[in-house]
Structure formats: C-alpha cells, structure tokens
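Residues per chain are reported as follows:
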Amino acid sequence: MTKDTTVLLNEKRIFNPNAETVEKANVKDWEAEIEKGKDFKRYWAEKAEQFHWFKKWDTVLDDSNKPFYKWFTGGRINLTYNAVDRWIKTEKRNQVAILYANENGDEKKVTYYELYLAVNKFANRLKNLGVKKGERVAMYLPMCPELLVAMLACAKIGAVHNVIYSGLSVGAVVERINDSKAKILVTADGTFRRGKVIELKKITDEALLRCPTVETTIVVEHTGTPIKTSDLSGKEIFYRRFMEKETAECEPEPMESEDPLFILYTSGSTGKPKGVLHTTAGYMVGVATTTRNIFDIHNDDLWWCTGDVGWITGHSYAVYGPLLLGTTTLIYEGAPDFPGPGIWWEIVEKYGVTKFYTSPTAIRHLMRYGNKYPNSYDLSSLKVLGTVGEPMNPEAWMWFYKNIGGEKAPIMDTWWQTETGMHLIAPLPSTALKPGSVTKPFPGIDADIVDEEGNSVPLGKGGYLVVRNPWPAMFRTLYKDKQRYLDTYWNKIPGVYTAGDMARRDEDGYFWIQGRSDDVLKIAGHRVGTAEVESAFVSHPAVAEAAVIGKSDPIKGQVIKAFVILKEGYKLKTRLMENQTKLIEDLERHLRYELGPVAVVGEIVQVDSLPKTRSGKIMRRVLRAQENGEDLGDTSTLED
Ligand code: WT7
C-alpha cells in the first residue's frame, strides 16, 4: 500500500480526451454535467423519466428518516418490464440481448424476444412453486444465460434474488442461503474452468444438508456432466423440464419503488458476511445512468463486462445496466488466459466488442504475457475501456491504454462498492485522465475526503473517503441487521456515508484511492473478509486461533497471510499420522473447501500468541506493521 502511494504521488501524466470520442459522446461537457448534478434531486428525477412507470413517483427523495433514505416514493415500476418487455415492441425485438461465450469456443445468442419468453416461463414456474413477492431465491450458477433468466424472472414477480458467486464453496454457500432464508435454489451441474468441470451440484448437495429453508432446487443442465440426483430429490427439478410447456405470458408485478430487488453478500472485517440490500427504482436509475454516460452507450454497441454476475459488478454492469439500455451484453465463462493468454483479445476481435470493462488484477495478469498477444488481434473496435475493484497502477494503466485501447480508447477507472450499487467516482469519456486516478465524483455525487471528525482535509492529504449526499442506487440496509448498517457506514463519522477506503485529492481535485481503511482484504479485486477466513481456519481441528492479514502480491494485489496458533500436539511442518498429508497443505485444502478458490493463501506461519487489545480483539494493524517493517504505531491498548 505504502509503495503504491509514492508512485501515485509522482504521477503527473495527463491524457486529454480525443475530439472524435467527445464529438459522439452522450455527455460532451463533463464540468457542465457536474454543475447540473449539483441540484441532485432534479438531476436524478430527470434520469428516472427514461423508464416506463406504471405510476409516477410522488417524491424524488424522502429523507425524513436518515440514513434510511427512500427514492421515488409513491411510484410503481417493474425492472424486468423495463429491461426486457419494453424492447420487444421496438426494433430491438430480434437483437441479441445476451451473447454467451465460453472457453470451449461454444456460443449462444439470446435475443430480446427469446429472453422475454424464457423469463416469463421461469417466472410462472416460480409462482407455481409458491414463491411470493418478497421471498428469496438463491442462485449458485456459472456465467450462463440461465442465471440472467432466473434473476430477471425474480424481478418480474417481485421475488428477491440472492446470487452466490460460483467460485465460493460449501461453507460460504450455506451461510448465505441460511441468512437469506432462501426457499428456492437455482444451480447447475457444473461450470467450465481451465479445461475442467467444477461440479457445482456436488457442492450444493453438501451445502443443502445444512440449509433447511430450501424447498426446491432447480438444476441447469449446463456442462452436460451426468447429474446424480441427490437424496434430497423430489425437491429437484431439471431446468429443461422446468421450462417445458409453461405459458409464455406473465404480467409484470407493479413494484413499489422501494421494494427489495436483491440481496448480495459481501465480506467485512468482523462477523458474518453482510447482506447488502438493494431496492428497485433507485437502483435502476443509478445503474442505467452510469452505464450510459460513463461507457457512452449507443445502439450499435457490443458491451463486455468481464466481472462475474456473482458479484455486484456483474449485477449492475453485466446484467441490469446494459439490458435497461437495450444493449447486447457479452458474458464469458472462463479464465482470462485459457486456453491461452490471447483468448480475451480473440473474443474482442471475433465479436467486435466496443466497450470493455474489467479489473486491474486481470490487466496485471495479462500484461505479464507481454504485448505479443494483444498485438496479434485487431482490437480497433474498442472505443471505451474501464476498470474496477482496486487501485489501477499507472504502469498497468499505460499498458492497457497502449496495447488494448490503441491510445485512442479512454480508460474509465470507476470507484464504487457493493453497497453503492453504482459508480460513484469515475470519469466520463470527455474527461482528461491521469493514470491511477478515479478522477472526480459522478454528477450528482458529493464525495469528500475527511479526518476522523469529518472535516475536509487539505488537498494532497490522505483521509477517509465519504459521501455527503444520498444517491439513488445506494443500498438501503444490511439484511436483518440495521444496527450493523448504522455502525459500519453511518455512525463512524456522523452525517456522512463512510466507505471504508482511504483516499487523497490532488491539486486539480482528482481523487486517488489508497486502499481500505479497515481489515478487509482485496484478493484479485474481490473483497475477502478477515473474519470469514479466520473462522474457516479455526474450523479445522488443528487450529486454536488464527489472524489473517493481506500480503502484497504483484498480480492479485493481495493474498492471505495467516498467523495460526495450533492445538497441542500439532506442528505446521510435521506430517499428520493418519493420512500423511502435511498440515499446511491440509489447511489450504480446508480453506478451499470452506470458502472456495477466492481465498488464496500466500503464507501460513505458526505462532504462540497473537497481539490483542485488552478486550481481546486481534490487532491486525500490529501484524501488518510488523510484516511491512513499519513502526508499530500506538500500542498502548496492546495487552502484552
Ligand atoms: C471496494 C469495494 C464495486 C465493484 C467491485 C468491488 C475497492 C473498487 C476501485 C477503484 C480503487 C477500488 C475499494 C472499495 N475499489 N473500485 N476504481 N479504485 N479501489 O466491489 O467488492 O464491494 O469492493 O473495492 O476498496 O471499497 P466490492
């Protein structure tokens, strides 16, 4: 982290927008748009007009019970109606809505009309299964069209979806299903990963032994792997059967603006994962507006967001943003370097991708293979690029800009979070860019950098990143945990939203994100909670106590460094008597089983004690400082 900051401080390059891009842009004058956004209620109300409303809203923003903000109250709207149904009455009816591709070279094209039929069937079947408005439906699926069908079907009837990333494993799946009390689980036989099939069905079979609320499992026949019906059968239905003979008409539920749309779990530094709750109308307005203006969407675009639908990036920018604009969204199932490191560029060339949104970790990874791969493909269709998830190193920015964007496609480095639902700090194609900076708040957003008391810090000084005014796609609470919502985001610095990041602003008012202010890890751009990782370690029979911190990694950003206290009789380096496996390998395997490949372990060290406060809280800050050879800081609360 410290190293990065120094690099950023010296970064002085500026890339002015090219005239051709600005000429065609939806928003040609960035500063003027920011000015317009100052009257933020009016700004968002104007944007809300783009949708079909069953009943228009009475109040744009109800802030009578801060920070429980309500947007567009009194209005009635349906997301799926706006993202799908609306287009089949236009020339987009036979346009491809979802373009699916995978590592085997398979492709599927689903037009808006076909999507409409599939969503209706799925929605009707959910109703037949007794799913009511407000009830939760969990999904544990690969990147495949059926995942989007299931999400849109929920939104059509008012069920609340809870998508679980397919790279998570048994323990994480159980936790998320149980917390949301999902009634239905939609899964698949498996997912393709580097020439192998990861059998998701096997994972859900194990998980379901511990998930009493799930009444029915719908299994998508995705990879063609023979599916073993589990003992929980009778409750299992195969997707193809499920969709047979169902009527293809389904009336959209006229949802209230503030009705819940989905829950998405994200990790924190303490306790169990947080169920981030998003609602209907404001979320639609926020994601559609940011997609349109930041990526400058037009009718002839082919949009590709590489983020998995299992995370917020996929929800907002692979599914809802593009479909609400009637765009074709490409979803790709597979790794960025399989069967070879040119695969992404091959896809860009093959389909003529125009807008491409990815992560710094992917760029760093692909950069390692050199220029030869991107240079052997025609990437001239690309018009706007984007990144999200962690700070973009200027070096990776330059590589992306030159080799992928051909020095003509601007890079939109977008700062946002699962909680914010939409981009909050990001440039537009008409913005002058600085490599590594997320530039300025999106029009309508009042972000600031403050000290612990909430006072703005001077330019150039680091501080806490906060947002002073509400925005439409903001999460409304943590599911069933209002107190944690208040404590984590609103009570730390009263009156503002505290994001949990550190940042600074340069002399032009450009924002530079420095990293998390809490203990949350960022592994390959994914938020991994220290609490979950530590619990996974402690659930292994050999471990008495564990503390984890992030260890810098040139490609993944961070990986896990764990300090473990072992139970009597165990040593990290010795072999276990029974199965002859080294304990260290067994711990790694255990972590993968509980959490999935997201939890990348870099190092495990055995210790006799951990630094703790007098009240028994692990001081990860001390471990981190020790790790980086820094000053331990204030240790007056340290127990020993
Ligand atoms: C955290 C949110 C939002 C989708 C992906 C991650 C970090 C996000 C940037 C960026 C520097 C970034 C922050 C933030 N982050 N975007 N452009 N530059 N850092 O969502 O899992 O909710 O993580 O990701 O630390 O708080 P998430």
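Preceding block: the structure.
Our subject in this report is the structure included herewith.

Parameters and conventions
Residues numbered from 1 in each chain as written. Predicted model: local features only at pLDDT ≥ 70, side-chain atom pairs only at ≥ 80, totals over all residues. Heavy atoms only, no water. Helix = DSSP H or I, 4+ residues; strand = E, 2+ residues; numbered from the N terminus. Rg over C-alpha atoms; globule rule 2.2 N^0.38 Å. Buried < 20%, exposed > 50% of the residue type's maximum accessible area, 1.4 Å probe, protein only. Contact = heavy atoms within 4.5 Å. Areas by Shrake-Rupley, 256 points an atom, 1.4 Å probe, with all protein chains shown as cover. Lys, Arg positive; Asp, Glu negative; His and termini not counted. Charge placed at Lys NZ, Arg CZ, Asp CG, Glu CD. Arc of directions from axis to C-beta. Polar contact = N/O pair within 3.5 Å; in protein donor to acceptor, adjacent residues only side chain to side chain. Core = buried A, V, L, I, M, F, W, Y, C linked by side-chain atoms within 4.5 Å. Pairing = 2+ DSSP bridges. Near = heavy atom within 4 Å. Nonpolar A, V, L, I, M, F, W, Y, C, P; charged D, E, K, R; others polar. 1 Å grid on protein atoms, 1.4 Å probe; cavity = no way out; pocket = protein on both sides within 12 Å on 5 of 7 lines; lining within 4 Å. Points joined across faces, edges and corners; volume = space filled by probe spheres on them. Salt bridge = Lys/Arg side-chain N within 4 Å of Asp/Glu carboxyl O. Expected span 1.5 Å × (residues − 1).

This part covers the overall build of the protein. Along the backbone of the protein there are 20 helices and 30 strands. For 640 residues, the compact-globule formula gives about 26 Å, and the C-alpha radius of gyration of the protein, at 24 Å, lands near that figure. With the principal axes as the frame, the protein shows a C-alpha extent of 70 × 65 × 60 Å. Across the 640 residues that make up the protein, the buried fraction comes to 63%. A sequence separation of at least 24 residues applies to 70% of the contacts in the protein between residues at least 6 apart. Of the roughly 25,200 Å² that the protein leaves accessible, carbon and sulfur atoms contribute 49%. Averaging the locations of the 83 positively and 85 negatively charged side chains of the protein gives two centres separated by 2 Å.

Buried within helix 3 (residues 30-37) are the following residues: Trp30, Glu33, Ile34 and Gly37. One face of helix 3 carries all of its buried residues, which in axial projection span an arc of 100°. On its buried face, helix 3 sits against helix 4 (40-48) and helix 11 (281-294). N-capping of helix 3 is provided by Asp29, with a side-chain oxygen placed 3.3 Å from the backbone N of Glu31.

Here we come to the nonpolar core. Formed by 159 residues in total, the largest nonpolar core has its most connected members in Trp44, Phe72, Leu115, Phe122, Met139 and Tyr320. No other element matches the 10 residues that helix 7 (residues 145-157) contributes to this core. Filtering out sequence-adjacent residues up to four positions away, Trp44 remains in contact with Trp71, Phe72, Val285, Thr289, Met422, Phe442, Pro443, Gly444, Ile445 and Pro472.

So, on to the environment of Ile404. Among the secondary structure elements, Ile404 is positioned in helix 16 (residues 394-404). In this structure the C-alpha to C-alpha distance between Ile404 and His298, which are 106 residues apart in sequence, comes to 21 Å. Not counting residues within four places of it along the chain, the set of residues in contact with Ile404 comprises Trp345, Pro374, Leu379, Leu382, Leu385 and Trp399.

Counting buried positions along strand 24 (residues 497-505) yields eight of nine residues, so the element is predominantly enclosed. Pairing of strand 22 (residues 463-467) with strand 24, which is carried by four bridges, proceeds in the antiparallel orientation. Looking across to strand 24, one finds that Val467 is bridged to Tyr497. Here five bridges tie strand 24 to strand 25 (residues 511-516), and the two strands are oriented antiparallel to one another. Paired with Asp501 across the bridge in strand 25 is Arg516. Taken together, strand 24 and the strand that follows it, strand 25, pair antiparallel across an intervening segment of five residues, in which Gly509 is found at a positive phi of about 80°.

This part covers the site of the ligand. As a matter of local geometry, the ligand sits amid 18 residues, with Asp413, Thr414, Thr418, Lys522 and Arg527 nearest to it. Gln417 places a polar side-chain atom, nitrogen or oxygen, 2.9 Å from an oxygen atom of the ligand. Contact with the protein chains removes 96% of the 560 Å² of surface that the ligand exposes when unbound. Sorting the residues of the shell around the ligand by element identifies helix 12 (312-324) and strand 25 as the ones contributing at least two each. Broken down by class, the residue content of the shell around the ligand amounts to seven nonpolar, five polar and six charged.

Going from Lys66 to Pro67, the amide bond is cis rather than trans, its omega being 0°. Here Pro67 lies in the loop between strand 1 (59-62) and strand 2 (70-73). Put simply, Phe338 and Pro339 share a cis peptide bond, and its omega is 0°. On the secondary structure map, Pro339 appears in the loop between strand 17 (328-333) and helix 13 (343-351). A positive phi angle, close to 50°, is found at Lys181, a residue other than glycine. In this structure, Lys181 sits in the loop between helix 8 (170-180) and strand 8 (184-188). One non-glycine residue, Ala524, lies in the positive phi region at around 50°. Among the secondary structure elements, Ala524 is positioned in the loop between strand 26 (521-523) and strand 27 (526-528).

Attention now goes to the layout of surface pockets. In this structure, the second largest pocket encloses a volume near 960 Å³. Residue lining of the second largest pocket: 32 residues in total, with Ser269, Thr270, Lys492, Asp518 and Asp519 positioned closest to the centre. For the lining of the second largest pocket, the secondary structure elements donating two or more residues are helix 17 (482-490), strand 24, helix 18 (530-538) and helix 20 (620-627).

Further remarks concern the sheet that holds strand 6 (residues 136-140). If you walk across this open sheet you meet the eight strands as 12-11-8-6-7-14-15-23, and the pairing is mixed. Either end of the sheet is taken by a strand with one partner, and the two such strands are strand 12 (236-238) and strand 23 (477-478). In terms of strand pairing, strand 11 (residues 216-220) meets strand 12 through three bridges, oriented parallel. Residue pairing in the sheet places Val219 in a bridge with Phe238 of strand 12.

Looking now at the side chain of His365. For His365, the position within the fold is in helix 14 (residues 360-367). Look past the residues within four positions of His365 in its chain and what remains in contact with it is Asp337 and Ile555.

All chains considered together, the criterion is met by 38 salt bridges. The salt bridge involving Asp519 is made with Arg624; its shortest N-O contact spans 3.0 Å. Of the two residues, Asp519 sits in the loop between strand 25 and strand 26 while Arg624 sits in helix 20, which places them 105 residues apart along the sequence. According to the relative accessible area criterion, Arg624 is partly exposed, its value standing at 27%. Connected through shared salt-bridge partners, Asp519, Glu534, Arg620 and Arg624 make up one network.

Along the chain, Thr439 falls in the loop between strand 20 (411-413) and strand 21 (447-450). Thr439 sits in the buried class, given a relative accessible area of 0%. Setting aside anything within four residues of it in sequence, one finds Thr439 in contact with Trp30, Ile425, Ala426, Pro427, Thr431, Ala432, Leu433, Gly509, Tyr510 and Phe511.

Okay, helix 11 next. Taking 1.5 Å as the rise per residue, helix 11 with 14 residues should run 20 Å; its terminal C-alpha atoms sit 20 Å apart, in good agreement. The buried count for helix 11 comes to 13 of 14 residues, which makes it a mostly enclosed element. With its phi angle positive at about 50°, Asp296 sits one or two positions after the end of helix 11.

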